[in-house]
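# Architecture and fold: a report
Residue-level listing of the chains:
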Amino acid sequence: MLLITCPHCGSRPENEFRYAGEAHIARPENPSALDDEAWADFLYMRSNPKGVHLERWRHTHGCARFFNCVRHTVSDRIIATYEAGRPKPDIAALVAEFEARGARAP
Amino acid sequence: MQRFSFISLARNALTGHQGWREQWRSPEPKPSYDVVIVGGGGHGLATAYYLAKEHGVTNVAVLEKGWLGGGNTGRNTTIIRSNYLWDESAALYEHALKLWEGLSQDLNYNVMYSPRGVMMLAHTVHDVQVFKRHVHSNRLNGIDNEWLSPQEAKAFCPPLNVAANIRYPVLGAALQRRGGTARHDAVAWGYARGADARGVDIIQNCEVTGIRRDRNGAVEAVETTRGLIGAKKVGVVAAGHTSVVMGMAGVRMPLESYPLQALVSEPVKPVFPCVVMSNTVHAYISQSDKGELVIGAGTDAYVSYSQTGGLHIAAHTLDAICELFPMFRRMRMLRNWGGIVDVTPDRSPIIGKTPVPGLYVNCGWGTGGFKATPGSGNVFAATIARDDPHPIAAPFTLDRFRTGRLIDEAAAAAVAH
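Attention here is on the structure that accompanies the text. (Residues numbered from 1 in each chain as written. Chains lettered and ligands numbered in written order. Predicted model: local features only at pLDDT ≥ 70, side-chain atom pairs only at ≥ 80, totals over all residues. Heavy atoms only, no water.)

### A word on the pattern of salt bridges
Residue and element names in this part refer to chain B. What the rule picks out here adds up to 25 salt bridges over all chains. With a shortest N-O distance of 3.1 Å, Arg 25 and Asp 201 are connected by a salt bridge. Here Arg 25, found in the loop between helix H1 (6–14) and strand E1 (32–38), pairs with Asp 201, found in strand E8 (residues 201–203); they are 176 residues apart in sequence, far enough to count as distant. For Glu 223, the salt bridge identified is with Arg 212, shortest N-O distance 3.0 Å. Here Arg 212 lies in strand E9 (residues 208–213) and Glu 223 lies in strand E10 (residues 219–224), a separation of 11 residues in the sequence. The exposure class assigned to Glu 223 is partly exposed, which follows from its relative accessible area of 28%. By relative accessible area, which is 37% here, Arg 212 ends up partly exposed. One salt-bridge network, held together by shared partners, links Glu 94, Lys 98, Glu 101, Asp 144 and Arg 178. (Salt bridge = Lys/Arg side-chain N within 4 Å of Asp/Glu carboxyl O. Helix = DSSP H or I, 4+ residues; strand = E, 2+ residues; numbered from the N terminus. Buried < 20%, exposed > 50% of the residue type's maximum accessible area, 1.4 Å probe, protein only.)

### As for the interface of chain B and chain A
Taken residue by residue, the interface counts 23 residues in chain B and 22 residues in chain A. Between chain B and chain A lies a buried interface of about 2,100 Å² when both sides are counted; carbon and sulfur atoms form 54% of it. Looking only at chain B, the three residues that lose the most surface to chain A are Arg 252, Tyr 302 and Arg 402 of chain B, adding up to 32% of its buried area. At the boundary of chain B with chain A, the tally comes to 1 salt bridge. Residues Asp 41 of chain A and Arg 252 of chain B are paired through a salt bridge, measuring 3.1 Å at the closest nitrogen-oxygen approach. Applying the counting rule to chain B against chain A returns 13 residue pairs in polar contact (both at pLDDT 80 or more). Elements supplying a minimum of two residues to the side of chain B that touches chain A: helix H8 (242–247), strand E12 (256–265) and helix H11 (400–403) of chain B. Ranked by residue count, the leading element in the side of chain B that touches chain A is E12 of chain B, at 3 residues. (Contact = heavy atoms within 4.5 Å. Buried area = accessible area lost by both parts, 1.4 Å probe. Polar contact = N/O pair within 3.5 Å; in protein donor to acceptor, adjacent residues only side chain to side chain.)

### Comments concerning the packing of helix H2 (residues 42–55) of chain B against helix H7 (residues 184–197) of chain B
Residues and elements named next belong to chain B. Running from N to C, H2 and H7 point in directions that differ by 30 degrees, and their axes come no closer than 8 Å. When the axes of H2 and H7 are compared, the pair comes out roughly parallel. When the axes of H2 and H7 are compared, the crossing they make is left-handed. Residues Gly 42, Leu 45, Ala 46, Ala 48, Tyr 49 and Tyr 50 of H2 pack against Ala 188, Tyr 191, Ala 192, Gly 194 and Ala 195 of H7. (Axes fitted to C-alpha atoms, helices over the stretch in contact; angles between N-to-C directions. Parallel < 35°, antiparallel > 145°, perpendicular 65-115°, else oblique. Left-handed = near helix turned anticlockwise from the far one by under 90°.)

### Digging into the sheet that holds strand E4 (residues 118–122) of chain B
Residues and elements named next belong to chain B. Read from one edge of the open sheet, 8 strands run E5-E6-E4-E13-E14-E15-E12-E16, paired in mixed fashion. Two strands bound the open sheet, and with one partner strand each, they are strand E5 (146–148) and strand E16 (333–343). Direction aside, the axes of adjacent strands within the sheet are offset by 20 degrees on average. (Pairing = 2+ DSSP bridges.)

In structure tokens:
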């Protein structure tokens, strides 16, 4: 079970949370202008990386708020969490900061 | 190929079993092949076998980064059934089930296919309605599936607890008698041996690290840890790693990879006559010929390549097993493990061509690919050989996510995801 740091409530066990898929997939500004290809990409295509993944979680049994999480998909180590709505972070900088805190490489 | 028969067994028994040879070669990769299959699991090896056997394409290599059947082929709970709701899926899985029935004879290799019956339990009114709909739909498609009352279910599987006072009482069950299990390793080995005998090169410890495309965008070679290998056609059958491999050719996939767990108990005498599945309480159980209870758990909530999975997922399944089968409450579990499954948005597989000429993909089998192994390989081989989808594979294109013609087995089947 993961230990996840909710940006609002602090560190809590995984079963207080609900996973909510890949982060930073913005709904198209002008949906009627999209062709089928672009819709398929928005609705279904996912990066699914073997490495650092940006993802949404919701603290359903806590503050009930959505937030974003940076996690390595091989070790499952959580590198950082941040509030929803913030721009996409610089992954390389976050990993460097994570390692500088004395943690093992993700 | 050294064929197995009563005479060959008797001869080797009399000579101290010194006469057995390796079942397949371990060749060095050639500079190029007509078809390169990426992934040496059951589906990839079956593809190579049917390419050679049914289409005469023998200049084929199967590249496997680890060892044969070391991925999901060796990690699943070996359940075989074909009672899917939609016509497209029913045709695909029934095609596979028909091949299972004659597979040991076809391969001259005992895959231990055991049609002991797969019983799917209904615990809620919704389950009852959905499963009855399945029974009717399957019968219209000529697939056996029958509805059992709780007492009939208990008669078919005596260890089952049908008491009314448990958290999710058994309200009935759908039984497919032709469903059952097979030995997963033997499936990989049997296909490998059959493909090798027809000239296919099986190359283990050979990881694909890149896919090279020519000036027109078509595939021309794969880069591997054992050097560059030329290929006129490439078939990607990489299960949980499909997104990674397809990314090498610049193709984005509608896939997410999740760890799926299974566990086995200490071996005991035969006590469990069939396969029982419960999607509602997440319990999948059968007994192996060795005597271990083989138990399937659910997926973790999040995308991961860890090949482990959270303990609470396995514990949740054991809670359900203990309630449904009280006689197993004091059994000890021997080991558990995880495999990485690639899940599509509509929970149906993707078999066919891709936007890249010469590149084919067979993936998205999610939590239930083992049962489809022979059928999947068979239709994928036809698709590669003719550069045109096999009629059964035709609805399962990658393009369906653009056209919107999804095959939505998830909502229809209420399967555990």
